[in-house]
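# Residue-level structure breakdown
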Amino acid sequence: MKKIECMVRPACLEQLVITMEKLDLGGMNITQVVGYGSQKGAGDTSIYRGVEYTVKLKEKLKVETVVPDSMVETVIEQILKATRTDSVGDGKIFIYNIEEAIRIRTGERGDAVI
Ligand SMILES: Nc1ncnc2c1ncn2[C@@H]1O[C@H](COP(=O)(O)OP(=O)(O)OP(=O)(O)O)[C@@H](O)[C@H]1O
Ligand SMILES: [Mg+2]
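This write-up is about the structure you can find in this document. (Residues numbered from 1 in each chain as written. Chains lettered and ligands numbered in written order. Predicted model: local features only at pLDDT ≥ 70, side-chain atom pairs only at ≥ 80, totals over all residues. Heavy atoms only, no water.)

## Re the overall build of the protein chain
The number of helices and strands found in the protein chain is 2 helices and 6 strands. Seen in sequence order, the protein chain has helices and strands lined up from the N terminus as β-α-β-β-β-β-α-β. Once the C-alpha set of the protein chain is aligned to its principal axes, its extents read approximately 50 × 30 × 20 Å. Buried positions account for 28% of the 114 residues belonging to the protein chain. Long-range pairs, those at least 24 residues apart, make up 71% of the contacts in the protein chain with a sequence separation of at least 6. (Helix = DSSP H or I, 4+ residues; strand = E, 2+ residues; numbered from the N terminus. Buried < 20%, exposed > 50% of the residue type's maximum accessible area, 1.4 Å probe, protein only. Contact = heavy atoms within 4.5 Å.)

Next up, the structure:
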């Protein structure tokens, strides 16, 4: 099992949700985040929750899904299709190993849960 975590532009939300539904994933999470990449937000200063930063924090969506190993490449390919604009700030995809998954209701474990 792997967790696929991607940081993408908020404007991608609709297309990404449509894409993820088609993939028939077991589940996913979407969180609103702020952050920066290699351009450091390309700004002078910005204020987030009362604190001034010399980097400009950009709003992104963090999308997370845990999938069987066999689906990883397909999901990555579909995320790229739904989110790539070829401009800076398109985001990143991170892949994590997942040790175990447990469905609380039944106590099942492993791929059956995701
Ligand atoms: N190394 C990192 N670790 C964690 N989050 C990151 C990292 N790099 C980028 N992010 C997150 O991804 C978002 C988008 O990053 P971004 O696409 O600007 O990366 P980049 O390296 O600058 O690539 P590009 O040159 O295409 O803009 C950032 O705003 C931040 O939320
Ligand atoms: Mg960038």
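Once the structure has been displayed, the description carries forward.
## As for the sheet that holds strand S6 (residues 92-97)
Reading across from one edge, S2-S5-S1-S6 is the order of the 4 strands in this open sheet, with antiparallel pairing throughout. At either margin of the open sheet sits one strand with a lone partner, and together these are strand S2 (29-35) and S6. Across the sheet, the mean angle separating the axes of adjacent strands is 25° when strand polarity is ignored. As paired elements, strand S1 (residues 2-8) and strand S5 (residues 58-67) share 7 bridges and run antiparallel to each other. Bridge pairing in S5 links Cys6 to Val63. Lying on the sheet, helix H1 (residues 13-22) is in contact with S1, S2 and S5; it crosses S5 at an angle near 5°. Along the sheet face, helix H2 (residues 72-83) touches S1, S5 and S6 and points at about 10° away from the line of S1. (Pairing = 2+ DSSP bridges. Axes fitted to C-alpha atoms, helices over the stretch in contact; angles between N-to-C directions.)

## Looking at the state of the cysteines
Summed over all chains, the structure comprises 0 disulfides. Here Cys6 is not disulfide-linked; the sulfur of Cys12 is the nearest cysteine sulfur, at 9.0 Å. (Disulfide = S-S within 2.5 Å.)

## Observations concerning the environment of Glu14
With respect to the helices and strands, the residue Glu14 is situated in helix H1. Sequence separation between Glu14 and Ile102 is 88 residues; the distance between their C-alpha atoms is 29 Å.

## Comments concerning H1
All of the buried residues along H1 are Leu16, Thr19 and Met20. For H1, the angular spread of the buried residues around the axis is 95°, confining them to a single face. What points out from H1, more than 90 degrees from its buried face, is the exposed set Glu14, Glu21 and Lys22. Looking one or two residues beyond H1, the residue adopting positive phi is Asp24, at roughly 55°. (Arc of directions from axis to C-beta.)

## Considering the packing of aromatic side chains
Given two aromatic rings, one states the distance between the centres and the angle between the planes to describe the pair. In this structure the tally under the stated criterion is 0 aromatic pairs. Note that Lys3 overlies the ring of Tyr96, its terminal NZ or CZ placed 4.9 Å from the centroid. (Phe/Tyr/Trp six-rings, centres within 6.5 Å; stacked < 30°, edge-to-face > 60°. Lys NZ or Arg CZ within 6 Å of the ring centre and 35° of its normal.)

## Side note on the site of ligand 1
Neighbouring ligand 1 are 13 residues, the closest being Ser38, Gln39, Gly89, Gly91 and Lys92. At a separation of 3.4 Å, an oxygen atom of ligand 1 approaches a polar backbone atom of Tyr36. For ligand 1, an oxygen atom lies 2.7 Å from a polar atom in the backbone of Gly91. (Near = heavy atom within 4 Å. Polar contact = N/O pair within 3.5 Å; in protein donor to acceptor, adjacent residues only side chain to side chain.)

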